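Residues per chain, in single letters:
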Amino acid sequence: MNDFNLTPDGVPSLTEYCTQKNPQTDYDKFLVASAWIQTHGGVDPFTGGHLFTAFRAMEWKTQVDMTQPLRIMKSKKSYYENPSFGKWKLTAIGLTAAENVGKE
């Protein structure tokens, strides 16, 4: 996504945010990337394309279906909601879970 700014002014860049959080599992990577996109990246709700771009920028392994982990975490943990087709956002529970990544 050429128009998705990963280094906006006045907030941590995607790289700074993700490096500080240091997510270890794939699910934690999705949570951290989603939280940055939603809270610092200026995209709420976001798409799988935004996640793909973030994962590529972080040099994390991408998936064929970048929203599959979101669907799983939505049904098992209530971390995500799907306000319209192809659009995603973290719930309050999901934002808290993302905030706690790296604090364990």
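Residues numbered from 1 in each chain as written. Predicted model: local features only at pLDDT ≥ 70, side-chain atom pairs only at ≥ 80, totals over all residues. Heavy atoms only, no water.

## Brief notes about unusual backbone geometry
A cis amide bond links D44 to the next residue, P45, at an omega of 5°. Checked against the element boundaries, P45 lands in the loop between helix 2 (26-39) and helix 3 (48-58). Phi at E59 is positive, roughly 60°, even though this residue is not glycine. The exposure class of E59 is exposed, given its relative accessible area of 74%. Positive phi values are uncommon outside glycine, yet S78 reaches one of about 60°. The exposure class of S78 is partly exposed, given its relative accessible area of 38%. (Helix = DSSP H or I, 4+ residues; strand = E, 2+ residues; numbered from the N terminus. Buried < 20%, exposed > 50% of the residue type's maximum accessible area, 1.4 Å probe, protein only.)

## Quick notes on the nonpolar core
Nonpolar side chains in soluble globular proteins tend to end up buried together. Counting residues in each nonpolar core, the largest one holds 28 residues, and the members touching the most others are F30, L31, I37, F46, L51, L70 and Y80. Every element with two or more residues in this core is listed here: helix 1 (14-21), helix 2, helix 3, helix 4 (68-77), strand 2 (87-90) and helix 5 (92-100). Not counting chain neighbours up to four residues away, the residues in contact with Y80 comprise F30, L31, S34, F46, L70, M73, K74, W88, K89, L90 and T91. (Core = buried A, V, L, I, M, F, W, Y, C linked by side-chain atoms within 4.5 Å. Contact = heavy atoms within 4.5 Å.)

## So, the side chain of D28
Here D28 lies in helix 2. Buried charged residue D28 carries no salt bridge. Nearest counter-charge: K77, at 9.1 Å. If sequence neighbours within four positions are ignored, D28 has contacts with P23 and V101. (Lys, Arg positive; Asp, Glu negative; His and termini not counted. Salt bridge = Lys/Arg side-chain N within 4 Å of Asp/Glu carboxyl O.)

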